[in-house]
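Residue-level structure breakdown
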Amino acid sequence: MSPTLASDAHHLALDLHAFVRSLDPARYREERASTLRQHLTLLVERVRGLAEAAGASMLSSLQASLEEVSRILVSAVPQGAGRAEWVALGRRLTPAYEALAASLADYQLHCP
C-alpha cells in the first residue's frame, strides 16, 4: 500500500476512534445526534473511498476490517436521537475499530 493510502487509512482510523468515543454513554448528548449522523455519513464515504482506492494493494486483514466497519456503519444507522441507539452503535463499532487498528499496526501505524 502506498504511503498516501496508509496515511489516509490511519487518519480514518483516528477519526473513527473519535466517533466511537463520542458515543460513550458518559459523553453522548441527544442534541448532537444530527452532527453525529453527518459524521457517520462522511465516515461511510471515506471508508468506501479508501477501500476502492487501495484495491489489491491492501492487506486482506485491513480490507476485511474496512469492510466490517462499513457494514456496521451502513446497517446500524440510528433512526432517532435516543441515547440507547447511538450507544449500541458505539458498542458494535468498537471491535471493528480495534480490528482496523490492529491491521494498521502491520504498516507500523499505531492507533489508540
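Attention here is on the structure that accompanies the text. Values in this document were obtained by computation on a predicted structure and should not be read as measured data. (Residues numbered from 1 in each chain as written. Predicted model: local features only at pLDDT ≥ 70, side-chain atom pairs only at ≥ 80, totals over all residues. Heavy atoms only, no water.)

Looking only at helices and strands, one finds four helices and zero strands in the protein chain. Whereas a compact globule of 112 residues would reach a radius of gyration of roughly 13 Å, the protein chain reaches 14 Å, a difference of no more than 12%. Considered along the principal axes of its C-alpha atoms, the protein chain spans approximately 40 × 25 × 20 Å. Buried positions account for 42% of the 112 residues belonging to the protein chain. (Helix = DSSP H or I, 4+ residues; strand = E, 2+ residues; numbered from the N terminus. Rg over C-alpha atoms; globule rule 2.2 N^0.38 Å. Buried < 20%, exposed > 50% of the residue type's maximum accessible area, 1.4 Å probe, protein only.)

Once that is clear, we can look at the environment of L89. Position of L89 among the secondary structure elements: in helix α4 (residues 83-105). Taking the C-alpha atoms as reference points, L89 and E30, 59 residues apart in sequence, are found 14 Å from one another. When sequence neighbours within four positions are dropped, the list of residues in contact with L89 reads F19, L23, L40, I72, A76 and P78. (Contact = heavy atoms within 4.5 Å.)

Before going further, it helps to spend a moment on the side chain of H10. Summarising the element assignment, H10 is placed in helix α1 (residues 3-22). A distance of 2.9 Å separates the side chain of H10 from the backbone oxygen of H110, its partner in a polar contact. For H10, the contacting residues outside a window of four places in its chain are L104, L109, H110 and C111. (Polar contact = N/O pair within 3.5 Å; in protein donor to acceptor, adjacent residues only side chain to side chain.)

Let us now look at the packing of helix α3 (residues 60-75) against α4. Running from N to C, α3 and α4 cross one another at 165°; their axes reach a closest spacing of 8 Å. With respect to each other, α3 and α4 are oriented roughly antiparallel. The way α3 lies across α4 gives a crossing that is left-handed. Counted together, S61, L62, S65, L66, E68, V69, R71, I72, L73 and S75 of α3 and L89, R92, L93, A96, A99, L100, S103 and L104 of α4 form the full contact between these two elements. Residues that form the contact of α3 with α4 fall into these classes: 11 nonpolar, four polar and three charged. (Axes fitted to C-alpha atoms, helices over the stretch in contact; angles between N-to-C directions. Parallel < 35°, antiparallel > 145°, perpendicular 65-115°, else oblique. Left-handed = near helix turned anticlockwise from the far one by under 90°. Nonpolar A, V, L, I, M, F, W, Y, C, P; charged D, E, K, R; others polar.)

By the secondary structure assignment, H17 is in helix α1. You can call H17 buried: its relative accessible area is 18%.

The next thing to look at is the nonpolar core. If you look at the biggest cluster of nonpolar residues, it comprises 35 residues, and the most contacted ones within it are L16, F19, L73, W86, L89, L93 and L104. Mapped onto this core, the elements with two or more residues apiece are α1, α2 (33-54), α3 and α4. Other than its neighbours up to four places away in sequence, L16 contacts L43, V69, L93, Y97 and L100. (Core = buried A, V, L, I, M, F, W, Y, C linked by side-chain atoms within 4.5 Å.)

Under the 1.5 Å per step criterion, the end-to-end length of α3 is 22 Å for 16 residues, consistent within 8% with the ideal 22 Å. Within α3, the full set of buried residues consists of L62, Q63, S65, L66, V69, S70, I72 and L73. Tucked inside the fold, the buried residues of α3 contact α1, α2 and α4. (Expected span 1.5 Å × (residues − 1).)

It is worth stressing that arrangement in space is one thing and function is another; only the former is reported here.
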